[in-house]
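# Working through the structure, step by step
Below are the chains, spelled out letter by letter.
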Amino acid sequence: MDNPISIGMVKADIVTARNALNRHDIDHLCALATSLGVTIPREIRANARMYSEWEASGRYDLHFVARKDSINKALRLAEEFLQEIQGKETP
């Protein structure tokens with residue numbers, strides 16, 4: 001065998017990949033998706049830090065507030081992006 005691969009190496013790669021996806025940092029997830037060839041809409045990329053902050057602060061800060069129109073816009077952008085991605089899937 002020229003290039004032996006151990007089970008431990010494979011497990012480490014799987015754990016690393018899973019940990020990269022199990023994050024709430026939308027900036028990081030956008031970068032990961034982009035590195036895999038996914039085009040993330042400009043407005044989602046531009047507001048990624050704010051969306052991550054909403055997720056974290058909304059969970060732990062009882063006094064956290066966000067504008068309803070901003071949340072509705074983020075939801076609309078996410079739904080449009082999801083529809084776009086689903087439209088590109090092959091049956």
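Everything in this summary refers to the structure shown in the same document. If you're wondering where the values come from, they're calculated on a predicted model, not measured in any experiment.

About the thresholds
- Think of each chain on its own: its residues are numbered from 1, step by step along the sequence as written.
- At least 70 in pLDDT is required for a residue's local features to be given in this predicted model, at least 80 for side-chain atom pairs to be given and counted, and no such filter applies to totals for whole chains, interfaces and linings, which use all residues.
- No hydrogens and no water enter the side-chain calculation; it runs on all heavy atoms of the structure.
- In the sections that follow, a salt bridge refers to a side-chain nitrogen of Lys or Arg positioned within 4 Å of a carboxyl oxygen of Asp or Glu.
- Here the term buried applies to any residue with accessible area under 20% of the maximum for its type, exposed to any over 50%, and partly exposed to those in between, with areas from a 1.4 Å probe on protein chains only.
- The numbering of helices and of strands both runs from the N terminus, where a helix is a DSSP run of H or I of at least 4 residues and a strand a run of E of at least 2.
- Expected span of a helix, by definition, is 1.5 Å for each gap between consecutive residues, and there is one gap fewer than residues.
- Note on definitions: a residue-residue contact is assigned when non-hydrogen atoms from the two residues lie within 4.5 Å.
- What is meant by a nonpolar core is a set of buried Ala, Val, Leu, Ile, Met, Phe, Trp, Tyr and Cys residues, joined one to another through side-chain atoms within 4.5 Å.

### Points about the pattern of salt bridges
- Overall, the coordinates contain 4 salt bridges when judged by the stated rule.
- Put simply, R67 and D69 hold a salt bridge, and the shortest N to O gap is 2.5 Å.
- Exposure remark for R67: the relative accessible area of 56% places this residue in the exposed category.
- Between R76 and E80 there is a salt bridge whose closest N-O contact spans 3.2 Å. Of this pair, R76 and E80 both sit in helix α5 (residues 68–88), 4 residues apart, which is roughly one turn of the helix.
- Looking at E80, the relative accessible area reads 40%, which means it is partly exposed.

### Quick word on helix α4 (residues 48–60)
- Counted at 1.5 Å a residue, the expected span for α4 with its 13 residues is 18 Å, and the 19 Å between its end C-alpha atoms agrees.
- Taken together, the buried positions of α4 are occupied by A48, Y51, S52, W54 and S57.
- Of the surrounding secondary structure, the elements contacted by the buried residues of α4 are α2 (26–35), α3 (42–46) and α5.

### Some remarks on the nonpolar core
- In this structure, C30, A33, I40, I44, A48, Y51, W54, A74, L77 and F81 together form the largest nonpolar core, which totals 10 residues.
- Every element with two or more residues in this core is listed here: α2, α4 and α5.
- If we skip the residues at most four places from it in the chain, I40 touches C30, A33, T34, R45 and F81.

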